[in-house]
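# Commentary on secondary and tertiary structure
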Amino acid sequence: MLEDTRDITTRDGAMETFIVRPERDGPYPAVLMLMDAPGIREELHDMARRLASVGYYVLLPNLYYRAGRDSKFGPGVLQKDDPERDRMRAIRTKMTIPPVMRDVAAMLAFLDTQAEVEPGAVGVHGYCMSGPYALAAAARYPGRIAAAASFYGTWLVSEAEESPHLTLGEGRAELYISCAEHDELAPLPMVKQLQILLDASDVEGELEISPGVHHGFAFPQRACYDKPAAERHWERLIALYRRRLG
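Let me begin by describing the structure that accompanies this report. From a predicted model like this one, the values you see are computed outputs, not experimental measurements.

## A few points about the packing of aromatic side chains
According to the stated counting rule, one finds eight aromatic pairs in the structure shown. Measuring from ring centre to ring centre gives 6.1 Å for Y127 and Y152, while their planes differ by 45°; the resulting arrangement is tilted. Taken as a pair, Y127 in strand β5 (residues 117–127) and Y152 in the loop between β6 (145–151) and β7 (174–182) lie far apart in primary sequence, 25 residues in all. A residue is classified by how much of its surface remains accessible, and Y152, at 0% relative accessible area, is buried. Ring centres of Y127 and F219 lie 5.3 Å apart, and the angle between their planes is 50°; this geometry places the pair in the tilted category. Highlighted residues: Y127 in strand β5 and F219 in the loop between β8 (205–214) and α6 (227–245), separated in sequence by 92 residues. A single burial state applies to Y127 and to F219, both of which are buried. Grouped by ring-pair contacts, the aromatic residues Y127, F151, Y152, Y176, F217 and F219 constitute a single cluster. If you follow R41 out to its NZ or CZ, it ends over the ring of F219, 5.0 Å from the centre.

Cut-offs used in this document
Along each chain, residues carry numbers from 1 onward, in the same order as the chain's sequence is written. Local features in a predicted model are, by the rule used here, given only for residues with pLDDT of at least 70; side-chain atom pairs are given and counted only at 80 or more, and totals for whole chains, interfaces and linings are based on all residues. Hydrogens and waters are ignored; side-chain quantities use all the structure's heavy atoms. Between rings of Phe, Tyr and Trp, where Trp is taken as its six-membered ring, a pair exists when centres lie within 6.5 Å; planes separated by under 30 degrees are stacked, by over 60 edge-to-face, and by other angles tilted. Here a helix means four or more residues in a row that DSSP labels H or I, a strand means two or more in a row labelled E, and each is numbered from the N terminus. A 1.4 Å probe rolled over the protein chains alone gives each residue an accessible area, and that area as a share of the maximum for its type sets the label: buried under 20%, exposed over 50%, partly exposed in between. Lysine NZ or arginine CZ positioned within 6 Å of the ring centre and within 35 degrees of the ring normal marks a charge as sitting over the ring.

Next up, the structure:
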């Protein structure tokens, strides 16, 4: 595996991005991996490496870059009343979909300059807060995003600008939406509403609820980690990318 950390220039600054790809047999299809709310950490680097190991050029950007270089957090970020959690939430609450869509555009432009990247179709998937970003990107960039996945995405039906439930029919990507049975940030009534909208659209895709698990189930370092559900997440994601990216 070959990996690097580079700044990708966006309209709002320099977005620090972890990049990982196989060592041989390129060029490779490209994938954008979008972080969850606790932000960039080695756990996500390892997940990006696992995806790259099966043949993808993976970008993992720090979407909090507008808050500066000091936008990575310690383990207390998951603990109630911890200063790290408070610091993260002060950044997280300012995040909206449209600026992240500009970040996606910058990443697509960057990929077009990389000899190791196959031209054309790109995949995108997001966890937690980035689930909506991944689905919104499929709608915003229908000519490039061929596959998009959301894993326990938060508030996929909301009043936010470019909320993914409003734009389901605007993309041409195949969608995969994975939800946890127990998730205060994506309650089952909202998930059922999204299922109705998905069924009524012309979108190719699937919404799947993982029974008995909680928000964050795919992250190995979380107390809620569920290995069978996490491996299912990898199975579904890689199969999606194989179908649509190769």
